[in-house]
Amino acid sequence: MAGRINDDDVKAVRDAVPIDAVVSEYLQLRNAGGGNLKGLCPFHDEKSPSFQVSPSKGLFHCFGCQEGGDTIAFVMKIDHLSFSETVERLAAKAGITLRYEEGGYNPGHQRGERTRLVEAHTIAAQYYADQLGSAEAEIGRKFLAERGFDQAAAEHFGVGYSPAGWDHLTRFLRGKGFTDRELILSGLSQDGRRGPIDRFRGRLMWPIKDVGGDVVGFGARKLREDDNGPKYLNTPETPIYKKSQVLYGIDLAKKDIAKVSRAVVVEGYTDVMACHLAGVTTAIATCGTAFGGEHIKILRRLLMDNGSARVIFTFDGDAAGQKAALRAFEDDQKFAAETYIAIAPDGMDPCELRLAKGDEAVADLVQPRTPLFEFALRQIVGRYDLEIPSGRAAALDEAAPVVARIKNIASQHEVAVQLAGMLGILDTQFVVRRVAQIARWQRDRGGRDQGPGPGQGPARGGARPQRGYADVQAPAAQAGPALHLRSPAHRTERELLKLALQRPELVSPAFDAYGVDEFTAPPYAAVRQCIQDAGGATGAPADYLDAVREAAPDDTVRALVTELAVETIFAKTIDEVYAGAQLVQVRLRAVDRRIRDVQGALARLGAHGDPARLAAVQNELWVLTQYGQSLRTHGAAAL
C-alpha cells in the first residue's frame, strides 16, 4: 500500500518554498500594495490583473474566478498534479527528504503518474545529451557546427542525440525502474513487434520544457537521407505534453520576457538558439504547430499586457511564412500587447541570418518593424488590382472586416485611415464609416440572444464588475441577503474580517468577544465561525491562517477565508485606530439592530402586557441605548 507523506514534512515543504517564487515561474507579478503582488490569472482569461499573491501569508487568490489557496494548491491546479505529486516536486526544489507513513517509501508506487513521466523525460534528456559526444553522433555535431553552434551552445540548450539502434533508450530506462507501460505512455517508446522500441532513433534531440522547467517532450531533427521519417518529429500528445500548450525556450526566456515586456516568436529550435546566443533572450518557438490561443495565454501572463508590451513574430519570407503570419494575426486581438512582424533580408531565418551577418544582424532584425495588422492588410490588398475601381472595392470588402475586429475604437479608426491609404481611396471617411458599420454588424450578430462569452467583458460603456463574494448571492445553504460591497454594513464586516485574518493583533482580544450573529452576511458569519473554531484571533500562532482555513466547513467558505486573507486592507494607515473604528461600526450596527428588535417586542407587549416581562424588555432597551450612545461617544474604548 502506498504510504502517505508525513504531515510535518508537508508543513515543512509549504513553509520552505515561497509562494511568490513558485507563481513567478508561470506569470509576471507586480506590486499590488500592502505587501501583496498581482498578475493576470493563469486559471481564466482576463484583461486586467485580479490575481493576487500574499508572500507573507503564503496564499494566492483570484478575485475574478475565486481560485485560491496555498503554494501546494497553486501547483496542483496549474500543473494538474495530485497532492502527493505536488509535495514531492516542491520538496525536491527545497531539498527536503520526505518521510512516508503506512508502508514506507517505494518510489515506483508512491510517485504519481506525472512525476514518473517527467522523471523519465529528465533522465532521457541527460542520456541524449551524453550520447552527443559519441562517435555515432558526429553527424549531429557537424549539423550544429555548420549552423554556428559549438559544444557550449549544445550544453546550454541541452541538445542531444538519439542512437540509431532500436531500443537503446528503452533498455536504459527499464534499467532505471520504468515499466513498459510508463515508457509507452511517455511517448519516449512506441510499440514494436517484439515489445517497446525507441520512438526517436538517429536524430538530433532538443528537450522541450514547460514554464516550470520540467522536461515534457522532445523535438527530433532528421540527420540522414535514409531516415524515411519527417524532417522534424515531435513527442506525441501525452498526459504531460500538449503541443498547443508548450513553447520551446520558455523556461530560458520567461524572466527576460517579464522583465522587458517583450517576446520574440520564431519558427524553429535553431532559431531560438541563434536568437539567445545573439543576445535576444526573449525568443521562443512553437513545437510543430501553429501559434495559437493557448500559446497567447502563456505569453500574456508573462507580459502582463501593459501598454509597452511587444510581441514580434519572425516568419520566413516564403509563402508558408506569410501564411503563418496571417494565422497569427487571426488571434492578434487576444493580445493587449502590440504585435509586429520582422522578415529578414532575402527571407533568411534568424539562424541563417546569424551565420551570414552575425549577432548584431539578429538583434537588429527583432527590433519592432511592421505592425502585424499592417502586414496582414498588405497581404490581402496585394492580391487585387488597385488600378481599377472594382479591384479597390473587392480589396476593401475583404480587408474592412479584418480592421473591424480591432476592439479599441481609436485604434480601429487609425487603421481604417491607413487602409484607405493602402487602397488609394481618397475619401478616407468613406473607409472609416464602412469599417465602423461592419464592426457594428459584427457586435450585433455576436451579441444577439446571448450574453458575453468566456473572457469577454460587459457591453461597452459599462464598468466591468469585480466578480466574487462581493457581487454574488450567498450560497443556497446560507440563506440571507445578497452580499454586496455597496452595503456599508457588509463593507465594514469585510474589513473587520480582513483585519482579524491579516492583523489579528490589532483587533484582539475584542474581536473574539463578537458573536457570529454580529455579521449580517451569512458568508461572513461563516468565516467568523471558522476563526472561532480555530481558537480565535487572540495570540494567533504562526499557523493561524492554516488553522482557520482547515476549520472551514466546505471549499466555498475556505475560498472566502483565502480571499479575505489576501485582499488589500483599504486604509492608508493600518493601525489600532483604524481597527478600532471597524470594531465599533460592526458592534454599533449590531446594537442598533437589537434595539429595533426590542422596540418591536415592546410594541407587541403593549401597555397591558405581563408587568415583569414588560419591565425586563424596557430595561434591556435602556441598557442597549446607553451602550450605543457610549460607543458613539467613546469609540473603541467603550467595547
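Look a little higher up for the structure.
The sections below set out a description of the structure shown in this document. Quick caveat: nothing in here was measured; it's all calculated off a predicted structure.

### A look at the overall build of the chain
1) Next: Each helix and strand in the chain was counted, giving 27 helices and 18 strands.
2) Next: Burial analysis of the chain (639 residues in total) assigns 47% to the buried set.
3) Next: Accessible surface computed for the chain: about 30100 Å², of which carbon and sulfur atoms make up 50%.

### Things to note about the pairing of strand 2 (residues 30–33)
1) Next: Both strand 2 and strand 3 (residues 36–39) contribute to a ladder of three bridges, which runs antiparallel. From the neighbouring strand, G33 faces strand 3, where its bridge partner is N36.

### Overview of helix 3 (residues 71–79)
1) Next: Those residues of helix 3 that fall on the buried side of the exposure criterion are T71, I72, F74, V75, I78 and D79. Along the long axis of helix 3, the arc covered by the buried residues comes to 160°, so they all point the same way.
2) Next: The N-terminus of helix 3 is capped by D70, whose side-chain oxygen sits 3.2 Å from the backbone nitrogen of I72.
3) Next: One or two positions beyond helix 3, positive phi appears at H80, with a value near 55°.

### Quick look at the sheet that holds strand 8 (residues 160–162)
1) Next: Pairing is antiparallel in the open sheet, where four strands are placed in the order 8-11-12-13. Each end of this open sheet is capped by a strand with a single partner; those strands are strand 8 and strand 13 (232–234). Strand-to-strand twist in this sheet, taken as the mean axis angle between neighbours without regard to direction, amounts to 35°.
2) Next: Relative to strand 11 (residues 203–209), strand 8 is paired through three bridges, and the arrangement is antiparallel.

### Some points on the side chain of R528
1) Next: By the secondary structure assignment, R528 is in helix 23 (residues 522–533).
2) Next: Of the side chains with opposite charge, D512 lies nearest to the buried R528, which makes no salt bridge, at 4.5 Å.
3) Next: A distance of 3.5 Å separates a polar atom in the side chain of R528 from the backbone oxygen of F511.
4) Next: Beyond its immediate sequence surroundings of up to four residues, R528 is in contact with L497, F511, D512, Y514, G515, V516 and F519.

### Concerning the packing of aromatic side chains
1) Next: Tallied over the entire structure, the rule returns 18 aromatic pairs.
2) Next: Taking the centre distance of 5.4 Å and the plane angle of 20° together, the rings of W206 and Y269 count as stacked. Separated by 63 residues along the polypeptide, W206 in strand 11 and Y269 in helix 12 (residues 269–277) bring together distant segments of the chain. Y269 matches W206 in its accessibility class, with the two residues each being buried.
3) Next: With a centroid separation of 6.4 Å and 15° between ring planes, the pair formed by F511 and Y514 is classed as stacked.
4) Next: An aromatic cluster of at least three residues, connected via ring pairs, comprises Y26, F43, F51, F60 and F74.
5) Next: Stacked on the ring of F43, the Lys or Arg K77 has its end atom at 5.8 Å from the ring centre.

About the cut-offs
- Residues numbered from 1 in each chain as written.
- Predicted model: local features only at pLDDT ≥ 70, side-chain atom pairs only at ≥ 80, totals over all residues.
- Heavy atoms only, no water.
- Helix = DSSP H or I, 4+ residues; strand = E, 2+ residues; numbered from the N terminus.
- Buried < 20%, exposed > 50% of the residue type's maximum accessible area, 1.4 Å probe, protein only.
- Areas by Shrake-Rupley, 256 points an atom, 1.4 Å probe, with all protein chains shown as cover.
- Pairing = 2+ DSSP bridges.
- Arc of directions from axis to C-beta.
- Polar contact = N/O pair within 3.5 Å; in protein donor to acceptor, adjacent residues only side chain to side chain.
- Axes fitted to C-alpha atoms, helices over the stretch in contact; angles between N-to-C directions.
- Lys, Arg positive; Asp, Glu negative; His and termini not counted.
- Salt bridge = Lys/Arg side-chain N within 4 Å of Asp/Glu carboxyl O.
- Contact = heavy atoms within 4.5 Å.
- Phe/Tyr/Trp six-rings, centres within 6.5 Å; stacked < 30°, edge-to-face > 60°.
- Lys NZ or Arg CZ within 6 Å of the ring centre and 35° of its normal.

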